[in-house]
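# Descriptive structure summary
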Amino acid sequence: MKTSPLQRRLCLAAALLCAGPLQAADTASDARRVDWRDQVLYFVMIDRFDDGDAGNNDQGAGEYDPASGARFSGGDLAGLTRRLDYVRGLGVTGVWITPPVANQWWDGKVGYGGYHGYWAADFKAVDAHFGNLADYRALADALHGRDMTLVQDIVVNHTGNFFSYDATRDPDDPTVGYQPNTRSRPMTAPTQSPFSLNDPRRAADRAAGIYHWTPRIADFTQRRQELDYALADLDDLDTENPRVRQALRDSYGHWIREVGVDAFRVDTAFHVPAGFFRDFLHSGDATAPGILAVARAAGKPDFHVFGEGFGVDKPYADTLARKIDGYLRDADGPLLPGMINFPLYSGLGDAFARGRPTAELAHRIRSSMALHANPHLMPTFVDNHDVERFLAGGSEPALKQALLAMMTLPGIPVVYYGTEQGLRGQREAMFAGGHGNGGRDRFDTAAPLYRYLADIIGLRRAQPLFSRGAPTVLRDSAAGPGVLAWRTDHEGQSALVVFNSDDRPRLLDNLDSGLPAGTTLTLLHSITGEAPAATLDAQGRLTLVLPPRAGLVWRADVASARVPATASSGAIAPRGARLTLDAFDGDAVRGPLALRGRAEGVEEIQLLVDGALDAPLRVQPGADGRWQASLDTARWVDPAVQHRVVAWSPTTGTASEGRAFSVDPDWRIAGRIADPAGDDTGPTGRYVYPTGDGWREHRPGDLRAVQAEVSGGSLRLTLEMAQVIADWNPPNGFDHVNFTIYLTLPRRSDGARVLPLQQASLPDGQHWHYRFRLGGWTSAGFLADGATATDEGRGVIPAPQVGVDRDQRTITVTLPAESMGAPATLDGAQVYVTTWDYDGGYRPLQPEAAGSRFGGGGADAPKVLDDARLVLRTAD
């Protein structure tokens, strides 16, 4: 018998009361099974997606202003509901929403609002800006009617910022240094019990111990601070207090019972003890049972819960990946069913957007499979609301590659709203009138990225191999952008996935597929549309030329395998064609590298390093077939990298075996300039730092000196600072400052004067050719071509490499020759370095400084705190 959503909710509530959760699960006739391995989610920030009810936008507390990214913009649950067919058209199977709960709307202390949903005042109420309970139920019913799932974002670590502590705090007396936030709107304390017990000056509140009564986190490396102190001054809950645990279980069980939520994403999971989740999910408390028991009673036996642990490891390290795994399981058994795969996110962005070695992403893939018991239940993503959008620093072809990789690797792919429309702003709105929108709706189903995403989501859903299989990495590049290839296997089926992350063509040579000889590869997808016929050779290998930014997916038709007479990669090599490359000592090469070998049936040889086809070293074999050449190694500068050289004949499609070598670069000082202390006050001398912690006491934007070194066509800058701090635990090792570096190449009259997004121009009428932006979380490079005051221009790879020595107060920036167009010389080049800070955009400037906003200038004044200019001299 069919029942209405309301009838089902009433029946389930009765089942919980009368039969208990386990018995209710046995009798739930409408239980819906979900295999989360096969899910593809669309992540929506409610306030920024669509405005379905303008009547709830402005609640009269000064919190609403679409012109400001800090305030509510007008999106709501009704708006999302009316756009579900647009969302479903992508092929996604579910929607993940930011917290819909009642929030602190405006925090005057920091000059920012709770439009995002993570500053709760009542965990069991719908925020008035988003609608009401009926609106939320309507969204859930509309999703379930389309056979889609609903994932709700939840917070268990903190509420909004309703109190803080000053420097007089006494750990033994929570009343000392306590400061209520009188500038909070519309309330000055949570409205839900027991979270309303937040004033230690009242004996009952202090005795209840709902909060930790701690100041904000000052050192993220200290585990006690991470667990017990306030993240960004958000009031930290004592999640080991049984009363807090019961209240949180009750609050979130409410949304399963009353709305029909199918899964939870847990915000800031690292900031609560991992053991908390065993109680949260499995508690036997009859008054507030564990979440999974509530879900079973609600007919949701496959309810999923995944946590957020913001952890990005340095290349080839797994420290934070292991920390993530510590929230999936411990010595006593499983904890959370899933955690968001942040290390893979970092690997995807580094490899495809920033041109880092594809070997780093290969390590992430291997590590994910080796470390985690079930990586298929870990959501994967390329960007989200807490990080810079992919297109803010990466190109559209790079984005297509990252998305295709995500769709062909284990995990639950998550598409951040607006990716399909090419949005670049971190939290800009999709609807006309919303923040940063430009005055038009962005729900175009004919948009190229919308169609592309629909295609590759369709590929994943049509091939369970990708959602359930295991990848084996076959080839990667340790030297930079280039080839990445893996084979995925599942229940006797196999697929090959191959990328070229470079903007130049690359050779994929002698790829050992691990498949039978003569296997036919049937093309399933090609990003570029270029897809040669492919059959594995007699050794099960594949050789072919990859176009720039290629992404190819083949199904291996093993049943059709036959041993070919010769290799096939689009063109059949003549019989007898053969190339060899003699072994050599390739350790720590400085200067030219001597190469020798033999050629049979080949008239011309191209020597390729790391598969790069754009600048080959051409060699003619002698009459006896022997050949030799001298390879200049000056352009490579990382001694830790293993490069790979191969001899290649494009006319025959023949490649030698590859040989490895490393280099010992010859860095030479090309200039140094000292910069006065204390001049980090902007062009007028009146700029001041934001009022938040860390800024004014450390002066992180105060440049003290810049030194330049060159090796071949590469450039290394050492930036000496007043102090280098890392209060927010960024992966690049520094924060509170962003460096933007402008490079002017010698003897060129072209270029740009404007400093994009910084509301300034290069001094003295100079023009720049390359620009590099780097901060604690990301780095990116750009060409002057297409750069304007509001557009950063076309991206270049590889992005800068960053090193930090906090004791020496230095930040080292290495710019490989390829990222600067491989200049013939840097003699006479000019480097201009500026400081500011960046968080999804250069931080705002206003007359009076605020928590995270610079002061001392108008909104349109130059965003340059300190600067230094240096002319390079490299001639002997």
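Residues numbered from 1 in each chain as written. Predicted model: local features only at pLDDT ≥ 70, side-chain atom pairs only at ≥ 80, totals over all residues. Heavy atoms only, no water.

Moving on: the overall build of the protein chain. Looking only at helices and strands, the protein chain has 18 helices and 48 strands in total. Its C-alpha atoms give the protein chain principal-axis dimensions of roughly 95 × 70 × 50 Å. When contacts within the protein chain are restricted to residue pairs at least 6 apart in sequence, long-range pairs at least 24 apart make up 70% of them. When the accessible surface of the protein chain is summed, it comes to about 32200 Å², and 48% of that surface belongs to carbon and sulfur atoms. (Helix = DSSP H or I, 4+ residues; strand = E, 2+ residues; numbered from the N terminus. Contact = heavy atoms within 4.5 Å. Areas by Shrake-Rupley, 256 points an atom, 1.4 Å probe, with all protein chains shown as cover.)

Here we take up helix H6 (residues 133–145). Taking 1.5 Å per residue, 13 residues should reach 18 Å; H6 reaches 18 Å between its end C-alpha atoms and fits that length. Capping the start of H6 is the job of one residue whose side-chain oxygen sits 3.0 Å from the backbone nitrogen of Ala134: Asn132. Trailing H6 by a residue or two, Asp147 shows a phi angle of about 60°, which is positive. (Expected span 1.5 Å × (residues − 1). Polar contact = N/O pair within 3.5 Å; in protein donor to acceptor, adjacent residues only side chain to side chain.)

Read from one edge to the other, the open sheet built from 5 strands follows the order E34-E35-E36-E44-E43, with strand pairing classed as antiparallel. Every interior strand has two partners, whereas the edge strands, strand E34 (668–674) and strand E43 (801–805), have only one. Taken over all neighbouring pairs, the strand axes of this sheet differ in orientation by 15° on average, direction set aside. Note: E34 against strand E35 (residues 703–711), 6 bridges, orientation antiparallel. Pairing of Ala674 across the sheet is with Ala705, part of E35. (Pairing = 2+ DSSP bridges. Axes fitted to C-alpha atoms, helices over the stretch in contact; angles between N-to-C directions.)

With that settled, the discussion passes to the side chain of His254. Tracing the backbone shows His254 in helix H9 (residues 242–258). Accessibility expressed as a relative area gives 15% for His254, which makes it buried. (Buried < 20%, exposed > 50% of the residue type's maximum accessible area, 1.4 Å probe, protein only.)

Now for the environment of Leu231. With respect to the helices and strands, Leu231 occurs in the loop between helix H8 (223–228) and H9. Taking relative accessible area as the criterion, Leu231 reaches 18% and is therefore assigned buried. Between the C-alpha atoms of Leu231 and Ile217, which are 14 residues apart in sequence, the distance is 5.7 Å. The contact partners of Leu231, leaving out residues within four places of it in the chain, are Ile217, Phe220, Thr268 and His271.

Once that is clear, we can look at the pattern of salt bridges. In the structure shown here, the tally under the stated rule is 62 salt bridges. As a salt-bridge pair, Arg33 and Asp302 come within 2.7 Å of each other at their nearest N and O atoms. A residue pair is termed long-range when its members are at least 10 positions apart, and Arg33 in the loop between helix H2 (20–27) and strand E1 (41–44) and Asp302 in the loop between helix H11 (291–297) and strand E12 (304–307) qualify at 269 residues. What you see here is one network of salt bridges that share partners, running through Asp35, Arg37, Asp38 and Arg468. (Salt bridge = Lys/Arg side-chain N within 4 Å of Asp/Glu carboxyl O.)

Right, let's talk about the packing of aromatic side chains for a bit. Under the definition given, this model contains 45 aromatic pairs. Ring geometry for Phe270 and Tyr327: centres 5.4 Å apart, planes at 50°, overall tilted. Taken together, the positions of Phe270 in the loop between strand E11 (263–267) and helix H10 (276–282) and Tyr327 in the loop between helix H12 (319–325) and strand E13 (329–330) put the pair 57 residues apart, joining distant regions of the chain. Of the two residues, Phe270 and Tyr327, neither departs from the other in class, the shared state being buried. Pairing Tyr345 with Phe381 gives two aromatic rings, centres 4.6 Å apart and planes at 5°, and the pair type is stacked. (Phe/Tyr/Trp six-rings, centres within 6.5 Å; stacked < 30°, edge-to-face > 60°.)

An order of E26-E27-E30 is seen for the 3 strands of this open sheet, with the pairing classed as antiparallel. Across the chains shown, the open sheet's two edge strands, defined by having one partner strand only, are strand E26 (578–581) and strand E30 (626–631). Ignoring which end each strand starts from, the neighbouring axes of this sheet average 25° apart. With 6 bridges joining them, strand E27 (residues 593–600) and E30 adopt antiparallel strand pairing. Bridged to Ala594 within E30 is Ser630.

A separate point is the confidence of the model for the protein chain. Taken as a whole, the protein chain shows an average pLDDT of 93; of its residues, 95% reach a score of 70 or greater. The low-confidence segment residues 1–29 (pLDDT under 50) makes 25 contacts with residues lying over four places distant or belonging to another chain. (pLDDT = per-residue confidence, 0-100.)

One finds Tyr42, Phe49, Tyr136, Val156, Tyr252, Phe277 and Phe280 to be the most contacted residues of the largest nonpolar core, which totals 142 residues. Counting residues per element, this core draws most heavily on helix H15 (residues 396–407), which supplies 8 residues. Sequence-distant contacts of Tyr136, that is, excluding residues within four places in its chain, are made with Leu77, Ile97, Pro100, Val126, Leu150, Gln152, Trp255, Val259 and Val261. With 32 residues, the next largest nonpolar core counts Val706, Phe734, Leu774 and Leu815 among its residues. (Core = buried A, V, L, I, M, F, W, Y, C linked by side-chain atoms within 4.5 Å.)

The subject of this paragraph is the pairing of E11. Here E11 lies mainly inside the structure; 5 of its 5 residues are buried. Neither face of E11 is open: one carries Ala263, Arg265 and Asp267, the other Phe264 and Val266, and all of them are buried. Sheet topology places strand E7 (residues 149–155) next to E11; 5 bridges connect them, and they run parallel. Each bridged residue has a counterpart across the sheet, and for Asp153 the counterpart in E11 is Arg265. Across 4 bridges, the pairing between E11 and E12 is parallel. Paired with Val266 across the strands is Gly307, a residue of E12.

The residue Arg442 is located in the loop between strand E17 (412–416) and helix H16 (448–462) in this model. From its side chain, Arg442 meets the backbone oxygen of Asn437 in a polar contact 2.8 Å long. Discounting chain neighbours no more than four positions away, the residues touching Arg442 are Tyr86, Gln421, Leu423, Glu428, Met430 and Asn437.

Moving on, we get to H9. Each α-helix turn comprises 3.6 residues. Residues three or four places apart therefore point the same way. Spanning 17 residues, H9 covers 24 Å between terminal C-alpha atoms, matching the ideal 24 Å at 1.5 Å per step. Among the residues making up H9, those that are buried are Val244, Arg245, Ala247, Leu248, Arg249, Ser251, Tyr252, Gly253, His254, Trp255 and Ile256. Taking the backbone nitrogen of Arg243 as reference, a side-chain oxygen 2.8 Å away marks Asn241 as the first, capping residue of H9. Just downstream of H9 lies Gly260, where phi reads positive at about 95°.

The next subject is the packing of helix H13 (residues 342–353) against H15. Taken N-terminus to C-terminus, the directions of H13 and H15 make an angle of 145°; their axes are 9 Å apart at the nearest point. In this structure, H13 crosses over H15, and the sense of that crossing is right-handed. In this structure, H13 uses Leu348, Phe352 and Ala353 to contact H15, whose residues at the interface are Ala398, Gln401, Ala402, Ala405 and Met406. Here the residues of the contact of H13 with H15 sort into 7 nonpolar, 1 polar and no charged. (Left-handed = near helix turned anticlockwise from the far one by under 90°. Nonpolar A, V, L, I, M, F, W, Y, C, P; charged D, E, K, R; others polar.)

Looking at where Trp636 falls in the secondary structure, it is placed in the loop between E30 and strand E31 (643–649). Along the primary structure Trp636 and Gly52 are separated by 584 residues, whereas in three dimensions their C-alpha atoms are 55 Å apart. If we ignore the near neighbours within four places in the chain, the residues touching Trp636 are Val609, Asp610, His643, Phe661, Val663, Pro665 and Glu818.

The next point concerns the packing of H13 against helix H14 (residues 358–371). Where H13 meets H14, the axes come as close as 8 Å, and the angle between the chain directions of the two elements is 160°. Relative to H14, the element H13 lies roughly antiparallel. Crossing handedness for the pair H13 and H14: left-handed. Contacts from Pro343, Leu344, Gly347, Leu348, Asp350, Ala351 and Phe352 of H13 reach H14 at Glu360, Leu361, Arg364 and Ile365. Here the residues of the contact of H13 with H14 are counted per class, giving 7 nonpolar, 1 polar and 3 charged. (Parallel < 35°, antiparallel > 145°, perpendicular 65-115°, else oblique.)

Attention now moves to the pairing of strand E21 (residues 506–512). Judged by how many residues are buried, E21 sits mostly within the fold: 6 of 7 residues are covered. Note that E21 and strand E24 (residues 541–546) share 5 bridges and pair antiparallel. By the bridge assignment for E24, Asp512 is matched with Arg541.

Of note, the bond from Ser193 into Pro194 is cis; its omega dihedral lies within 30 degrees of zero at 5°. Residue Pro798 is reached from Ile797 by a cis peptide bond, and omega for that bond is -5°. Following the sequence through the fold, Pro798 ends up in the loop between strand E42 (795–796) and E43. Even without glycine at this site, Asp610 takes up a positive phi of about 55°. Here Asp610 lies in the loop between strand E28 (605–609) and strand E29 (617–619). In this structure, Arg747 takes a positive phi of about 60° despite not being glycine.

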